[in-house]
Amino acid sequence: MEIITAVRGFKDILPEETGRWQFIEAKARDVFASFGFREIRIPILEKTDLFKRGIGETTDIVEKEMYTFLDRGEEYLTLRPEATASVIRAYLEHNLYAADPVAKLYTIGPMFRRERPQKGRYRQFHQIDVELLGLDNPRIDAEIILMLIHFLKSVGLPEPGLEINSLGCFSCRPSFRKAMTDFLKGKEDQLCGDCQRRLHTNPLRVFDCKNEPCSGIIADAPQLPDFVCDRCRDHFKNVQESLNVFGLSFMINPRMVRGLDYYTKTTFEVTTDFLGAQNAIVGGGRYDGLVKELGGPDIPGIGFAIGCERLLAMIPVKNESFSAKPDLFIAALGDESQQLAFRLCNHFRMSGILTEMDYLGKSLKSQMKRADKFQCAYTLILGEKELRERKAELRNMRQGTQETIGLDGIEETILKFVRAR
RNA sequence: GUGGGUGUAGCUCAAGUGGUUAGAGUGCCGGGUUGUGGCCCCGGAGGUUGAGGGUUCAAGUCCCUUCACUCACCCCA
């Protein structure tokens, strides 16, 4: 009989890795709470239209990467490819803006995109997602970036490389778009195949092309920052000044274009050189028109998403620092001793002492080996001989010393030893 | 969706131009100590060589198909 394997691009996170996951998740909750963010938990399945409207009909994500199915022949549902649209949907559905004009939210969970898997890219992957609704002050842009960098450093990412850009707003972006299409007019046939397609779907992306023919042509194309309106220019300048207040270093990347339609004004990425081609650990930006686009009031927003798999690939920590070692191993010989061991073992566990024992009736040597493998601090040896004398041996595994203790009040004795460590 | 690379024990890898019974390290189990871990020594279990077909006296090795993994393009976290 053949075993059934996991779906392509879907990964198991095994016990030896989950400690690291819990670590970054706990740090995120901790840091975000200090900045006044609260967790929101949202479904991973939404109506397909939510993503079509939120992310944009012509984006790659919506066009070819979504897991979409017809539910019982009634309506189209989609496994979420990102979290922002869902968070805003929940925000609108529950009128959160009525209770407080500002909402600071985060959520952690899996996303789904049907791409070809490669290093740092999976069909189910996890994001730590942060959204701030209701403020368009440029200081907020800087604040959210500050929080992000603070988080990344606190989980041990050595030098987060921050890149920022401004994509302009709905009033100034069209003028750049026009300048861009004018510039490319007559050059269409020199562009690569992908870019000829992009020309019609998303001309801004041509700008970001790394292929040889295009990058040469693009070299003296109009630059985005030269086209943004005065308000957007001021906003961007203000963001930079606010980042400087905290001494945050950043690079302005005028070519950074994001793949989701909803971004406006400030966008940012954290990238690394060590992840291969999928080098973005974090992507984010402002989306001042999105809430309205999704049927709500005209409320500005900004947010970012951290790729957990990519972040974890970058954090240089050993697994052992995340896995707890037992305080105590109970080695028992004989039925009567095993009965006592069973009682003590679970008693200690309920007192918060991480305790292990053997249930297979193995030799003492074999039980000792197991205690050693677990790197237990102490081993309690309960033999038939000891039991008759109402005694037991308590061995300090690190030092290799052991002493005889009485069975009466043994719980207290051991708690004292283990806690004194 | 398109291209390249790789599939041998749980894991990491060996097996000159095809040639006996596919090996090693590590891990696992046991013994050396009839009741004491680590270091050392000895033994054991564990493989349809990803799958299917073909060439050949003979295939882990060559050919075809297929699947999986992987890297890159595209795109993105």
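Below you will find a few notes about this structure. Only a predicted model underlies this, so the values are computations on that prediction, with no experimental measurement involved.

What counts, and where the lines are drawn
- Residues numbered from 1 in each chain as written.
- Chains lettered and ligands numbered in written order.
- Predicted model: local features only at pLDDT ≥ 70, side-chain atom pairs only at ≥ 80, totals over all residues.
- Heavy atoms only, no water.
- Helix = DSSP H or I, 4+ residues; strand = E, 2+ residues; numbered from the N terminus.
- Rg over C-alpha atoms; globule rule 2.2 N^0.38 Å.
- Buried < 20%, exposed > 50% of the residue type's maximum accessible area, 1.4 Å probe, protein only.
- Contact = heavy atoms within 4.5 Å.
- Areas by Shrake-Rupley, 256 points an atom, 1.4 Å probe, with all protein chains shown as cover.
- Salt bridge = Lys/Arg side-chain N within 4 Å of Asp/Glu carboxyl O.
- Pairing = 2+ DSSP bridges.
- Core = buried A, V, L, I, M, F, W, Y, C linked by side-chain atoms within 4.5 Å.
- Axes fitted to C-alpha atoms, helices over the stretch in contact; angles between N-to-C directions.
- Patch = residues over 30% accessible without salt bridge, like charges linked within 9 Å, V, L, I, M, F, W, Y side chains within 5 Å.
- Expected span 1.5 Å × (residues − 1).
- Arc of directions from axis to C-beta.
- Polar contact = N/O pair within 3.5 Å; in protein donor to acceptor, adjacent residues only side chain to side chain.

## Brief notes about the overall build of chain A
- Looking only at helices and strands, one finds 17 helices and 16 strands in chain A.
- In terms of overall size, chain A is more extended than a compact globule, its C-alpha atoms giving a radius of gyration of 29 Å where 421 residues would be expected to give roughly 22 Å.
- With respect to the three principal axes, the spread of C-alpha positions in chain A is 95 × 55 × 45 Å.
- When each of the 421 residues of chain A is scored for burial, the buried share is 49%.
- For chain A, the share of sequence-separated contacts (at least 6 apart) that also reach a separation of at least 24 residues comes to 68%.
- Here chain A displays about 21900 Å² of accessible surface, and carbon together with sulfur accounts for 49% of that area.

## Considering the pattern of salt bridges
- According to the stated counting rule, one finds 13 salt bridges in the structure shown.
- Between E46 and R89 there is a salt bridge; the shortest N-O distance is 2.4 Å. Note that E46 is positioned in strand β2 (residues 45-47) and R89 in helix α4 (residues 84-93), a separation of 43 residues in sequence.
- In this structure, R89 and E93 form a salt bridge, with 2.9 Å as the shortest nitrogen-oxygen distance. Of this pair, R89 and E93 both sit in helix α4, separated by four residues, roughly a single helical turn.

## Here's the deal with the environment of F268
- Considering the arrangement of structural elements, one finds F268 in strand β9 (residues 264-271).
- In sequence terms F268 and D335 are 67 residues apart; their C-alpha atoms lie 65 Å from each other.

## Examining the pairing of strand β14 (residues 378-382)
- For β14, a buried count of five out of five residues is recorded, marking the element as mostly surrounded by other parts of the structure.
- For strand β12 (residues 328-332) and β14, the ladder comprises five bridges, and the chain directions are parallel. Residue L328 lies in a different strand from β14, and its bridge partner there is Y378.
- Pairing geometry for β14 and strand β15 (residues 391-396), over four bridges, is antiparallel. In the sheet register, L380 faces β15, and the bridge partner there is L394.

## Let's talk about the nonpolar core
- Counting 45 residues, the largest nonpolar core has I88, L133 and L184 as its most contacted members.
- Broken down by secondary-structure element, the contributors of at least two residues to this core are α2 (48-55), α3 (60-65), α4, β5 (103-112), α7 (173-184), α10 (212-218) and α12 (290-293).
- Here this core takes six residues from α4, the largest share from any one element.

## As for the environment of A305
- In this fold, A305 is placed in strand β11 (residues 301-307).
- In sequence terms A305 and P326 are 21 residues apart; their C-alpha atoms lie 36 Å from each other.

## Brief notes about the sheet that holds β2
- Spatially, β2-β4-β3 is the arrangement adopted by the three strands of the open sheet, whose pairing is antiparallel. Edge positions in the sheet fall to β2 and β3 (67-71), since each has one partner strand and no second. The mean angle between the axes of side-by-side strands here comes to 35 degrees, regardless of whether they run parallel or antiparallel.
- Pairing of β3 with strand β4 (residues 75-79), which is carried by five bridges, proceeds in the antiparallel orientation.

## A few points about the sheet that holds β5
- Strand order across the open sheet formed by eight strands is β1-β5-β6-β11-β10-β9-β7-β8, with mixed pairing between neighbours. Of all the strands in the sheet, just β1 (38-39) and β8 (251-252) have a single pairing partner and so form its edges.
- Where strand β7 (residues 161-166) and β8 come together, two bridges link them in parallel fashion. Residue pairing in the sheet places E163 in a bridge with M251 of β8.
- Helix α6 (residues 138-154) contacts β5, β6 (124-133), β7, β9, β10 (280-286) and β11 of the sheet and is inclined by roughly 15 degrees relative to β11.
- Strands in contact with helix α11 (residues 230-245) are β7, β8, β9 and β10; relative to β7, the strand with the most contacts, it is inclined by about 160 degrees.

## Here's the deal with a nonpolar patch on the surface
- The grouping of I44, L45 and F69 at the surface amounts to a nonpolar patch, some 230 Å² of accessible area in total.
- Inspection of the secondary structure assignment puts I44 in the loop between β1 and β2.

## So, α7
- If you check α7, its first and last C-alpha atoms are 16 Å apart, about what 12 residues at 1.5 Å a residue would give, namely 16 Å.
- Taken residue by residue, α7 has R173, F176, A179, M180, F183 and L184 as its buried positions. What you see down the axis of α7 is that its buried residues fit within an arc of 125 degrees, all on one side.
- Immediately beyond the C-terminal end of α7, within one or two residues, lies G186, with a positive phi of roughly 85 degrees.

## Some words on the side chain of T107
- Tracing the chain through its elements places T107 in strand β5.
- Polar side-chain contacts of T107 include one of 2.7 Å to the backbone oxygen of I40.
- Not counting residues within four places of it along the chain, the set of residues in contact with T107 comprises I40, R41, I42, A83, V87, Q127, I128 and D129.

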